[in-house]
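# Results of the structural survey
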Amino acid sequence: MNVTPIYKRILLKLSGEALMGDDAYGINRDVIERIVLEIREVVRLGVQIAIVIGGGNIFRGVAPAAAGMDRATADYMGMLATVMNALALQDALRRVEIVSRVQSALTIQQVAEPYVRGKAMRYLEEGRVVIFGAGTGNPFFTTDTAAALRGMEMNVNIVLKATKVDGVYTSDPLRDNKAVRYDCLTFDEAISRNLKVMDATALTLCRDYNMPLCVFSIFKPGALKRVVMGEAEGTLVRSVLPGDAI
């Protein structure tokens, strides 16, 4: 059994929806506390962790008012929601004695550092968790795309997408009891089958730059640790290399 992590540096994509648990919107305190304990366990293994966080849990509360709103304006509101989540996550990490830094793609220097690649890399090398807020800083791009982009900029070994389900299925397992989970997929298969792993832009970026992606459940105790240790967990999505077999 492997006793050391196979990944030295990871990018963890947390959706805003994951933070709200069973609530209609907002941040569920019990959920965020469970998530930070999973992160702490991996940090203690010496794994460097960068996090991209979504904002759907907060934006959902104002979505009715945003109906018919200019798309760019709505997207900027969503970016601000991700910064709120990033600050909440940073505070929760502080309470379990994990040092973290929040960097925002939008300039909000009173509450978060601006995104600077060199500083983020140095923080990771120092063992600090780096939380990226405000997506890419541009409307019309999702936080999935931000995760793929920041993962490549940080030279991570793998992008991990934390969800409410334990991998990628042939259909929605919450609605279809015949849905089957994939152990491994190629990016081309995920795109052509429209499996909703991540948006197509994010998948294409990962494919073109050969960045592996693992989709797993953040609510499954110990799942994050098992992924970084190289154990079978969730669904691995990758490019096909010469001589590779799926």
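Note that the structure is predicted; figures quoted are calculated from it, not measured.

Scanning all chains against the criterion turns up one aromatic pair. Ring centres 5.6 Å apart and planes at 80 degrees place the aromatic pair Y115 and F132 in the edge-to-face group. Highlighted residues: Y115 in the loop between β4 (113–114) and α5 (117–125) and F132 in strand β5 (residues 129–133), separated in sequence by 17 residues. Geometry around Y123 places R101 over its ring, the cationic atom sitting 5.7 Å from the centre.

Moving on to the sheet that holds β5. Ordered in space as β4-β3-β5-β2-β1-β6-β8-β9-β7, the nine strands form an open sheet in which the pairing is mixed. Lying at the two open borders of the sheet, with one neighbouring strand each, are β4 and β7 (184–186). In the sheet, strand β2 (residues 48–53) pairs with β5 via three bridges, with the strands oriented parallel. Bridging from a neighbouring strand, I51 pairs with I131 of β5.

Definitions and cut-offs
- Residues numbered from 1 in each chain as written.
- Predicted model: local features only at pLDDT ≥ 70, side-chain atom pairs only at ≥ 80, totals over all residues.
- Heavy atoms only, no water.
- Phe/Tyr/Trp six-rings, centres within 6.5 Å; stacked < 30°, edge-to-face > 60°.
- Helix = DSSP H or I, 4+ residues; strand = E, 2+ residues; numbered from the N terminus.
- Lys NZ or Arg CZ within 6 Å of the ring centre and 35° of its normal.
- Pairing = 2+ DSSP bridges.

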